[in-house]
Amino acid sequence: MADSKDFTAGVDSNAKKSPRRIVFITRRTSAQVKAESEDQIQTFPEVLFRAAVAIMALATVLIWIALIFNAPLEGLADPSHTPNPAKAPWYFLGLQEMLHYFPPVVAGVLVPGLVVMALIVIPYFKVNIEADGLFLKDREKRLRIFYVVATALSLFLLLFKVYAALVPTVIMAVIMLLAAQSSPQSPSKFRRYLANRPLSYWVMTWFLFELVVLTAIGTFFRGPGWAWVWPWQGTL
Amino acid sequence: MAKTVDQYFDQLQQTRVWRSIFRSGTGSSTLKRALAIQQNVFLHLFSTKVRTRMLSFSATWYLGTLTLGTFLILVATGIPLMLYYHPSAPQAYADTKDLQFVVSSGMFLRNLHRWSAHAMVFLVFAHMFKVFYRGAYRTPREFNWVIGVILLLITLLLSYTGYLLPWDQLAYWAITVGSNIASAVPVVGEKIHFLLLGGNAVNANALLRFYVLHCMILPLTAIFFVAIHFWRIRKDGGLYSHGSEPATVRAAAEIPTSPASGEKWGTPSGGALNPKGGN
């Protein structure tokens, strides 16, 4: 840099808005520096009012549900009589579905532990900071890596016969291949969208897809002995 | 001439008692409205102003607000439920039956509590994914994302501990299945399992522990972290919107814009010292 000053000075001449304010912004400025003024609205009462309306709308829906549907209550807890299947709450049924395929230390400890770790470190790694479409840069190299990872993952799931997780993985791989073949200048809006998705988007969407599919299978498609049943077969 | 309700309310706000309670004073000037937030022990967690664009439904889907709403409903229904409940086996089951068939509106209370609990778990997940896809965890909001992950775990634990309390077959075996996973932790698994249940199997001790966790420890922990979560929104510069970020931050995290989707919030330019700003 030619000049030695490490800051720039600006004067806001709008005396009504910021009387006698001189701004110094250093080059290595902190991210909290407010860069632009834009329309703002008072929290009290406007924003609080909206929040209250949103919460009341939610309460209305929940109250209707509570009036129409009764919470389940079965017989008294009986340690000597195990229901078949014994199911965890719905948000753990994805895990329980995993337990069906893998030993507890993998499905019950390693996988959820890694998921929580991964969620925590998301903002500290530059996973989504570089927000370019995955296949727009280093295309050949990234495609090779993608093929290796997708094939390895699919073979692993196939080996353990985890078809419930394999199917979403394969579907995601196909969509990613479509993204690799799409250009940001494509006439199709959907293809343009796919082409611009970064790596983090694909990883998170795959995770979300697996979460939804495994939870739905555990909830609706598992009967006695954790065998596959169709929801309309009504085993109990 | 009869006074309007507004006039009565104004008069009330001028009284010495009212003024002694609410420090921010009266009136509807911008200053007073800002003070109404700043001078309030609860509301001061929030910023006094919010970017107008962040109020549109598509910006956040109000998922965080709605999650708070389910939490409030759960507290409001949970406390009356506690009045009719003994955390002992098998009395807990009889109490739940009484709630269903004897207590006035007991069935409704229990229904609302249970469905709101499911809704809260769902909304927390939805909130997390929405924040991720918006990229709202980026600098300087990393730590608030971590607090959010902690709150996700607390929410799951709250729901899970509440699941045992009716002491029916559904509750008993769901907790048995879930707590057995803890045993799978290498080396200390059995110890954790024992600590969680107060025994080697789900029994009366486990019910009491889950009750204390569900009604005392976890809600207080949740309130503690929710307070930090809200406060950090203000300290980290308000609700994230890509177009409002300082140019330096945006340059580091530039989202490529396709011709069709475009810059969603419509502030394509504007440097750090652009006096006109984006909008």
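Residues numbered from 1 in each chain as written. Chains lettered and ligands numbered in written order. Predicted model: local features only at pLDDT ≥ 70, side-chain atom pairs only at ≥ 80, totals over all residues.

> Is there a simple way to think about the overall build of chain A in this case?
If you tally the helices and strands in chain A, you get seven helices and three strands. Counted from the first residue to the last, chain A has its helices and strands arranged as β-β-β-α-α-α-α-α-α-α. In chain A, which comprises 236 residues, the proportion classed as buried is 19%. (Helix = DSSP H or I, 4+ residues; strand = E, 2+ residues; numbered from the N terminus. Buried ≥ 20, exposed ≤ 12 C-beta atoms within 10 Å, placed from the backbone.)

> Please explain the packing of helix α9 (residues 169-183) of chain B against helix α10 (residues 189-197) of chain B as it appears in this structure.
Relative orientation and spacing of two packed helices are given, respectively, by the angle between their axes and the distance between those axes. All names here are of chain B. One way to put it is that α9 packs onto α10 with a least axis distance of 6 Å and a crossing angle of 140°. Residue-level inspection shows Ser179, Ala182 and Ser183 of α9 in contact with α10, the latter providing Gly189, Glu190, Ile192, His193, Leu196 and Leu197. Grouping the amino acids of the contact of α9 with α10 by side-chain chemistry returns four nonpolar, four polar and one charged. (Axes fitted to C-alpha atoms, helices over the stretch in contact; angles between N-to-C directions. Contact = placed C-beta atoms within 7 Å. Nonpolar A, V, L, I, M, F, W, Y, C, P; charged D, E, K, R; others polar.)

> When you look at the environment of B:Tyr85 in this model, what are you seeing that I'm missing?
Residues and elements named next belong to chain B. Mapped onto the elements of the fold, Tyr85 is located in the loop between α5 (63-83) and α6 (91-101). A residue is classified by how many C-beta atoms lie within 10 Å of it, and Tyr85, with 20 of them, is buried. Placed eleven residues apart in sequence, Tyr85 and Thr96 show a C-alpha to C-alpha distance of 7.3 Å. Sequence-distant contacts of Tyr85, defined by excluding residues within four places in its chain, comprise Ala92 and Asp95.

> Hey, could you run me through helix α5 (residues 163-180) of chain A in this one?
Residues spaced three or four apart along an α-helix point in a common direction, a consequence of the helix completing one turn every 3.6 residues. The terminal C-alpha atoms of α5(A) lie 25 Å apart, and with 18 residues this matches the ideal 26 Å at 1.5 Å per residue to within 8%. Taken together, the buried residues of α5(A) touch α2 (93-101), α4 (139-159), α6 (189-195) and α7 (199-220) of chain A. (Expected span 1.5 Å × (residues − 1).)

> So what exactly am I meant to see when it comes to α9(B) here?
Look at α9(B): 21 Å from first C-alpha to last across 15 residues, which is about the 21 Å you get at 1.5 Å a residue. Where burial is concerned, most of α9(B) is hidden: eleven out of the 15 residues are buried. Within α9(B), burial applies to B:Leu170, B:Ala171, B:Tyr172, B:Trp173, B:Ala174, B:Ile175, B:Val177, B:Gly178, B:Ser179, B:Ile181 and B:Ala182. Buried residues in α9(B) make contact with α2 and α3 (104-121) of chain A together with α8 (142-164) and α10 of chain B.

Coordinates in, geometry out; function isn't part of it.
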